[in-house]
Amino acid sequence: MSGTMTEAPVRAESRTPSAAAGAATRTLARVEAVRLLRHPAVLAALALYLAQWVYSAYSGDDRYPVLHDEDRYTQVSLLLIAAGTLLAANLAALRSYRHGTDAMFDLLVLPPWRRTWALLLALLPVTALSVVLAGARIGYLAAQDAAVGSPSVAELATGPLVVLLAGAIGVLVARVVRSVVAAPLTLAALGIATVVGALQPTSDARWWGLVGIEDENVPPLPTALTHRPVSWHLLYLAALVTLVVATAVLRAGGRSTAFKATAGVALLAVIGTGVAQQGGLPDEVRKARTTAENAPSSQQACVEHDGIAYCAFPEFKDRYRQWAEVTGGVLRWVPPSERAKRYAVRQHVFLNTVDSGVVPPLPVARWAADDRAAGTPGAVPVGTDWGTHSELAGDHMLGFAGSFAYRAVTGEASADARSQAICRARGAITLWLAVQATDQTREAYDSLSGRSFGGLSLNAFNAATGFHVNAREQDLVRTLLTRTDAEVGAKVKQSWTELTAPDTTTDEAAALLGVPAPPAAREGEEGRCR
């Protein structure tokens, strides 16, 4: 019962001037705000939030952030704070009931509706804390050397507004159901609705929930190719907050016409903004996607670095620094005459999906035509994701390294939309050049080889187009990786012509590189060779 009797006993609100009642409401709100911030549920949620941040920093997941994706990830993390706030606010609203002091509160200066209003005002500091957390998180990511893109203010504001809404729901539930069980059940229902929305990342229906979660298996897209009705969703959440707040005050005995009118207008706003979110993909975005997928050069800018042209969508223009680390790692063991050749790298997006489950091939013919028209013939394609924060991103990064190594080994970019096997000496040298390019490509190789059997497939996109290195050549590369890069690289340079010849066998490559030949392949293991 400690801390509940903070005002002098007065029996009727009419004896207290309006200004005094307002001051008392604000005083109670300050007291409840402090208690809310110190509540174990909020502190536990904050600890989990910070632990998630520390883990992502320690694991390297934050190394290559795309800020126009990271801004919406802040919403998901703040759901932890929202959950803690809902539980804490509900328990605060039920405090007098849980302690059996309801009758005593009838003697206080503030009637139930004003005490409810104070509890709702007490949510503002924890909401402000959420703003600080979201801003600090995106600021930390923006400070990373490899950060690309720009965050959206509307996306960053969504998470804190969800925290405010969750707290208001906690207060409303306490005014509707006087039981401590109701809040956990409400939280479970909201959690289920959020998960259901996450399982339908392409459905407009998900925007009726708290956050609009995207398919995280899809690589990042340029902002011009995305459609997230985040402004409408922000208005939708604001209308929901207003409706819940007004309903909670009315439920607590407030009979003001203003609250009734506010609730009615907010209900109409919830419906209107909710429907406005259901517009689907606009035609201009659909056209921009088609152009970006088939002929991206018109939407890109190029930069020259160490004699290589790197072309990317505007938000990803600084990613060339990471691409250059890979290309430089490949070319350092290539003879000077080969390094002097004209190389280019062009960023691509691949959005095709097939309902039958069959993975489609890349439109390599259209890409090649676009490269020729843009003055970068034979450009090596690269995607929009990068790093080893996920297996898929690591596979794509290694796939780019393999494609660039193939370009250096053969002197040409692949023009085949099918997945093709490169074997014998060429296959081994291509794979070795790709794997040793950087520490990150080596890490991606270790991950991929642990998940592969019968050789290794290198794909830079989610498509049925890429390279396959047979098991015997991969065995040779494993042996090469036990030696130092300098030792193997010197022999690669020395015997470049022989090692890159189409007919040089794997056994001959092993002899040239001074390592034992891998065991002979069994019948049917080699597959097609190019």
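The model shown is predicted, which means the values in this text are computed figures rather than measured ones. (Residues numbered from 1 in each chain as written. Predicted model: local features only at pLDDT ≥ 70, side-chain atom pairs only at ≥ 80, totals over all residues. Heavy atoms only, no water.)

Further remarks concern the sheet that holds strand β5 (residues 420-421). Ordered in space as β5-β7-β6, the three strands form an open sheet in which the pairing is mixed. The open sheet is flanked by β5 and β6 (456-458), the only strands paired with a single partner. As defined by bridge partners, β5 adjoins strand β7 (residues 467-469) across two bridges and the pair is classed as parallel. Along β7, the bridge assignment pairs Ala421 with His468. (Pairing = 2+ DSSP bridges. Helix = DSSP H or I, 4+ residues; strand = E, 2+ residues; numbered from the N terminus.)

Take the packing of aromatic side chains next. The final tally for this structure, using the stated rule, is eleven aromatic pairs. Here the aromatic rings of Tyr49 and Trp53 are separated by 6.5 Å at their centres, their planes lie at 90 degrees, and the arrangement is edge-to-face. Residue Tyr49 and its partner Trp53 are both found in helix α2 (residues 40-59); the two are separated by four residues, about one turn of the helix. A relative accessible area of 3% places Tyr49 in the buried class. Trp53 sits in the buried class, given a relative accessible area of 18%. Residues Tyr310 and Tyr320 carry aromatic rings whose centres are separated by 6.1 Å and whose planes lie at 40 degrees to one another, so their mutual orientation is tilted. In this pair, Tyr310 sits in strand β2 (residues 308-312) while Tyr320 sits in helix α13 (residues 320-331), placing the two residues ten residues apart along the sequence. The exposure class of Tyr320 is buried, given its relative accessible area of 14%. An aromatic cluster is present here, built from Tyr343, Trp386, Phe400 and Phe404 joined pairwise through their rings. (Phe/Tyr/Trp six-rings, centres within 6.5 Å; stacked < 30°, edge-to-face > 60°. Buried < 20%, exposed > 50% of the residue type's maximum accessible area, 1.4 Å probe, protein only.)

Applying the stated criterion across every chain yields a total of 19 salt bridges. Residue Arg442 pairs with Asp446 through a salt bridge whose shortest N-O separation is 3.4 Å. One end of the pair, Arg442, and the other, Asp446, are both in helix α18 (residues 439-449), four residues apart, so they sit about a helical turn from each other. On the basis of relative accessibility, which here comes to 32%, the residue Arg442 falls in the partly exposed class. (Salt bridge = Lys/Arg side-chain N within 4 Å of Asp/Glu carboxyl O.)

A separate point is helix α11 (residues 257-276). Under the 1.5 Å per step criterion, the end-to-end length of α11 is 28 Å for 20 residues, consistent within 8% with the ideal 28 Å. Of the residues making up α11, those classed as buried are Phe259, Ala263, Ala266, Val270, Thr273 and Gly274. Buried residues of α11 fall within an arc of 110 degrees about the axis and therefore sit on the same side. Residues Thr257, Val265, Leu268 and Val275 are exposed on α11 and point more than 90 degrees away from its buried face. On its buried side, α11 packs onto α6 (112-121) and α10 (230-251). With a side-chain oxygen lying 3.1 Å from the backbone nitrogen of Ala258, the N-terminal cap of α11 falls on Ser256. (Expected span 1.5 Å × (residues − 1). Arc of directions from axis to C-beta. Contact = heavy atoms within 4.5 Å. Polar contact = N/O pair within 3.5 Å; in protein donor to acceptor, adjacent residues only side chain to side chain.)

What follows is about the sheet that holds strand β1 (residues 301-305). Here four strands make up an open sheet; going across it, the order is β1-β2-β3-β4 and the pairing mixed. Among the strands making up the open sheet, the edge pair consists of β1 and β4 (380-382). For this sheet the average axis-to-axis angle between neighbouring strands, irrespective of direction, equals 20 degrees. One ladder, built from five bridges, connects β1 with β2; its direction is antiparallel. Considered in β2, the bridge of Cys302 is made with Cys311. (Axes fitted to C-alpha atoms, helices over the stretch in contact; angles between N-to-C directions.)

On inspection of all chains with the given rule, the structure shows one disulfide. Here Cys302 engages in a disulfide with Cys311; their sulfurs sit 2.0 Å apart. Judged by the torsion about the S-S bond (105 degrees), the Cys302/Cys311 disulfide is right-handed. (Disulfide = S-S within 2.5 Å.)

Turning our attention to a nonpolar patch on the surface. Nonpolar side chains collect at one region of the surface, where Trp208, Leu267, Ile271 and Val275 lie side by side and expose about 370 Å² of accessible area between them. Relative to the assigned elements, Val275 resides in helix α11. (Patch = residues over 30% accessible without salt bridge, like charges linked within 9 Å, V, L, I, M, F, W, Y side chains within 5 Å. Areas by Shrake-Rupley, 256 points an atom, 1.4 Å probe, with all protein chains shown as cover.)

So, on to unusual backbone geometry. In this structure, Asp306 takes a positive phi of about 50 degrees despite not being glycine. Along the chain, Asp306 falls in the loop between β1 and β2. Overall, the relative accessible area of 71% leaves Asp306 in the exposed class. Unusually for a residue other than glycine, Arg424 sits at a positive phi of about 55 degrees. With respect to the element layout, Arg424 can be found in helix α17 (residues 424-435).

Turning next to the nonpolar core. Of all hydrophobic cores here, the largest spans 65 residues; its most connected members are Trp323, Trp432 and Leu433. If you tally residues by element for this core, the top one is helix α16 (residues 391-410), at nine residues. Sequence-distant contacts of Trp323, defined by excluding residues within four places in its chain, comprise Tyr310, Cys311, Ala312, Val345, Gln347, Val382, Gly383, Trp386 and Phe400. In this structure, Ala89, Leu161, Val171 and Ala266 belong to the second largest nonpolar core, which totals 55 residues. (Core = buried A, V, L, I, M, F, W, Y, C linked by side-chain atoms within 4.5 Å.)

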